[in-house]
Amino acid sequence: MISIMCVDGPRLLKKRHGEHAVKEVAMAKFPWKTTLTASVLLAATGYAFAQMSSDGPMGMHGRMQQGGMMDRMHQQMMQRDGMGDHSMMHGAQVGVTGTPTMPGQDAFGTIQEIVQILQADPKTDWSKVNIEALRQHLIDMNEVTLHAATTQRDVDNGIEIKVTGEGRTLEAIKRMVPAHVNELREIGWNAKSDELPNGVILTVIASETQPLTKLKALGFMGIMVQGSHHQKHHLMMATGQFVH
Ligand SMILES: [Cu+2]
């Protein structure tokens, strides 16, 4: 956060008073461009840290902090220089610090994040770790998210969705959908699943908190993404504490 203050550079600092005076004098000794570059790097580092320290590297909290920080930097830069340093700003935003961050493939990135968390924790019990279990779950997720066929119809005050597939897709549907129905029930949804030869039928009944219009709009995948334990379950799968 201190770095944000420095972004202003000496020109604006003259107008300021009070508690920041000491820091401002110190900062004013340096050419402001240098200060700005250092600040952008600091902010980017702060962002990486914020990501790592929330619910996980891609935690919502981290991203929101990042948004707020970037917005402030953006405003300050625009106030000072108009469009002058806009490109620099966006350079920082896309991570042009010489270190690429994109994993290239989402399941690869998910596993990489979990392995990093486990390696960073000295208490990790490697005799229980099972990254292959997580990989199999991510294959299930891919099948259910991208390859399952769905047909949705209205029932009395609710919706019924037939989720079907073949082979690996069918296995994934039978593992994931009933397990997720249990999660939904735990968070107060009126949901159930019934077996079909080639899939499952997911039924969700509307309630005050989950009205029918919303259920219809959410459909199969909008319902599957409900709940807040999914990412935590990935860590538990990798450490042998959770089996789908
Ligand atoms: Cu998952």
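Residues numbered from 1 in each chain as written. Predicted model: local features only at pLDDT ≥ 70, side-chain atom pairs only at ≥ 80, totals over all residues. Heavy atoms only, no water.

Participant: Kindly report on the coordination of the copper ion, identifying the contributing residues and their values.
Facilitator: Taken together, the protein donors to the copper ion comprise H137 (NE2), M141 (SD), H230 (NE2) and H234 (NE2), at separations of 1.9 to 2.4 Å. Around the copper ion sit four donor atoms, and with donor-metal-donor angles ranging over 91 to 155 degrees the site reads as irregular. Within one chain, the residues serving as donors to the copper ion are arranged as H-x3-M-x88-H-x3-H. You can see M141 sitting in helix α8 (residues 131-147) and its partner H230 sitting in helix α11 (residues 230-238), a full 89 residues away along the chain. Residue classification places H230 among the partly exposed positions, given a relative accessible area of 29%. (Donors = N, O, S within 2.8 Å, 3.2 Å for Na, K, Ca; no water. Tetrahedral: all angles 85-135°; square planar, octahedral: opposite > 155°, others 65-115°. Helix = DSSP H or I, 4+ residues; strand = E, 2+ residues; numbered from the N terminus. Buried < 20%, exposed > 50% of the residue type's maximum accessible area, 1.4 Å probe, protein only.)

Participant: Outline the pairing of strand β3 (residues 190-196), listing residues and values.
Facilitator: As defined by bridge partners, β3 adjoins strand β4 (residues 199-205) across seven bridges and the pair is classed as antiparallel. Its bridge partner being in β4, E195 is matched across the sheet by V200. The hairpin turn running from β3 into β4, its antiparallel successor, is two residues long. (Pairing = 2+ DSSP bridges.)

Participant: How would you explain the sheet that holds strand β2 (residues 158-164) if you had to name every residue and give the values?
Facilitator: Across the sheet, which stays open at both edges, the four strands sit in the order β1-β2-β4-β3 with antiparallel pairing between neighbours. Each edge of the sheet is formed by a strand with only one pairing partner; in this case those strands are β1 (149-155) and β3. On average, each strand axis in the sheet is tilted by 20 degrees relative to the strand beside it, whichever way the strands run. Contacting β2, β3 and β4, helix α9 (residues 167-186) crosses the sheet at an angle of about 160 degrees to β3. (Axes fitted to C-alpha atoms, helices over the stretch in contact; angles between N-to-C directions. Contact = heavy atoms within 4.5 Å.)

Participant: Would you mind going over the side chain of D140 in detail, with residue names and values included?
Facilitator: Mapping D140 onto the fold places it in helix α8. Note on D140: relative accessible area 2%, which makes it buried.

Participant: An account of the pairing of β2 is requested, with residue identities and associated values reported.
Facilitator: Across the seven residues that make up β2, a large majority, six, are buried. As paired strands, β1 and β2 are joined by seven bridges and run antiparallel to one another. By the bridge assignment for β2, T151 is matched with K162. As judged from the seven bridges shared by β2 and β4, these two strands associate in the antiparallel manner. Note on β4: the bridge partner recorded for K162 is I201.

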